[in-house]
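Take a look at the letters that make up each chain.
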Amino acid sequence: MNKPVSPKIVALRVILYIEGKGVLLVQRAKEEYAASTWELPGGKIDDDSMSLTEAAQREFYEETGIHILVSSDAAYYWDMRSNHPDYHGIRYVCLIVNGYLQYPGAYGVVLSKEHQADAWVEPTPSGVDEFQNQHGPLMQETIDAISHYYSRYILTARSLELRDQRIRDLEQKNRMLMERE
């Protein structure tokens with residue numbers, strides 16, 4: 001016997017991180033659901049014939065005017081019941097993917113009608129807090145995704161940099177000791 005498929009919405013959001021700028025966020029327009037809330041660019045997957053990568057690239061471009069490449073793995077995801085009035089109670093599954101500029105240096109934002117502003121947030125806990133104090137609330141899912149991105153990518157990279165620096169320092173110290181002998 002076939003089990004009935006529960007209705008669900010599948011969506012994508014993209015984390016575009018640029019060194020020195022942060023993570024790109026967009027603010028929902030005043031006429032939209034969750035008006036004036038800040039979120040990661042992305043949206044529902046409307047075309048079943050598209051791959052997740054194609055859908056993420058299309059959604060990101062539609063909302064920001066920026067061409068990106070997307071990593072093949074989901075960086076984070078959430079699965080919850082929707083509060084949106086049109087989809088209330090329907091399962092909402094959202095994958096967060098990492099985006100990279102297709103054309104380095106080309107990150108001027110051209111917003112869709114669904115958004116009224118864009119801004120960059122430093123993907124650290126203090127950066128997120130400071131952003132909310134200055135610009136207003138972020139969707140909780142966005143905060144969770146940025147927090148995960150920070151711990152998985154930024155802290156890992158910083159830890160590796162520190163490790164490499166310690167190794168260089170030890171090698172330098174050993175060279176100096178060898179020269180003395």
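Quick caveat, the model's predicted, so the values are computed rather than measured.

### What about the pattern of salt bridges?
Phase 1 of the analysis: Under the counting rule described, the total for this entry stands at four salt bridges.
Phase 2 of the analysis: Between Glu-62 and Arg-58 there is a salt bridge, with its nearest N and O atoms 3.3 Å apart. Taken as a pair, Glu-62 and Arg-58 lie in helix α1 (residues 52-64) at a separation of four residues, close to a single helical turn.
Phase 3 of the analysis: Glu-62 gets classed as partly exposed once you look at its relative accessible area, which sits at 45%.

### Things to note about the pairing of strand β2 (residues 22-28)
Phase 1 of the analysis: Along β2, seven of the seven residues are buried, which leaves the element largely enclosed by surrounding structure.
Phase 2 of the analysis: Inspection of the sheet shows β2 paired to strand β7 (residues 115-121) by six bridges, in the antiparallel sense. Of the residues in β7, the one forming a bridge with Gln-27 is Ala-117.
Phase 3 of the analysis: By the bridge criterion, two bridges tie β2 to strand β3 (residues 38-39) in an arrangement that is antiparallel. Looking at the pairing, Val-26 lines up with Glu-39 of β3.

### A few points about the packing of aromatic side chains
Phase 1 of the analysis: For the structure on display, the rule yields three aromatic pairs.
Phase 2 of the analysis: Taken together, a centroid distance of 5.8 Å and an interplanar angle of 50° make the contact between Tyr-17 and Tyr-149 tilted. With Tyr-17 in strand β1 (residues 8-18) and Tyr-149 in helix α3 (residues 140-180), this pair connects stretches of sequence that are 132 residues apart. The two residues Tyr-17 and Tyr-149 agree in class, both being buried.
Phase 3 of the analysis: The interplanar angle of 75° and the centroid separation of 5.9 Å between the aromatic rings of Tyr-107 and Trp-120 together place this pair among those described as edge-to-face. Here Tyr-107 is found in the loop between β6 (91-101) and β7, whereas its partner Trp-120 is found in strand β7, with 13 residues between them in sequence.
Phase 4 of the analysis: On the basis of relative accessibility, which here comes to 29%, the residue Tyr-107 falls in the partly exposed class.
Phase 5 of the analysis: Accessibility expressed as a relative area gives 19% for Trp-120, which makes it buried.

### Points about the environment of His-67
Phase 1 of the analysis: On the secondary structure map, His-67 appears in the loop between α1 and β5 (68-81).
Phase 2 of the analysis: Spatially, the C-alpha atom of His-67 lies 9.4 Å from that of Gly-99, the residues being 32 residues apart in sequence.
Phase 3 of the analysis: Those residues in contact with His-67 that lie beyond four places of it in its chain are Tyr-61, Tyr-100, Leu-101, Gln-102 and Tyr-103.

### Some remarks on helix α2 (residues 125-135)
Phase 1 of the analysis: Among the residues of α2, Gly-127, Val-128 and Phe-131 are the ones counted as buried. Down the axis of α2, the sector holding all buried residues measures 100°, keeping them to one side. Of the exposed residues in α2, those oriented more than 90 degrees away from the buried face are Pro-125, Ser-126 and Asn-133.
Phase 2 of the analysis: Once α2 finishes, Gly-136 follows within two positions and takes phi at roughly 110°, a positive value.

### A few points about unusual backbone geometry
Phase 1 of the analysis: Even without glycine at this site, Ser-36 takes up a positive phi of about 65°.
Phase 2 of the analysis: Mapped onto the fold, Ser-36 is located in the loop between β2 and β3.
Phase 3 of the analysis: A residue is classified by how much of its surface remains accessible, and Ser-36, at 24% relative accessible area, is partly exposed.

Criteria and cut-off values
- Residues numbered from 1 in each chain as written.
- Predicted model: local features only at pLDDT ≥ 70, side-chain atom pairs only at ≥ 80, totals over all residues.
- Heavy atoms only, no water.
- Salt bridge = Lys/Arg side-chain N within 4 Å of Asp/Glu carboxyl O.
- Helix = DSSP H or I, 4+ residues; strand = E, 2+ residues; numbered from the N terminus.
- Buried < 20%, exposed > 50% of the residue type's maximum accessible area, 1.4 Å probe, protein only.
- Pairing = 2+ DSSP bridges.
- Phe/Tyr/Trp six-rings, centres within 6.5 Å; stacked < 30°, edge-to-face > 60°.
- Contact = heavy atoms within 4.5 Å.
- Arc of directions from axis to C-beta.

Nothing here speaks to function; it is geometry throughout.
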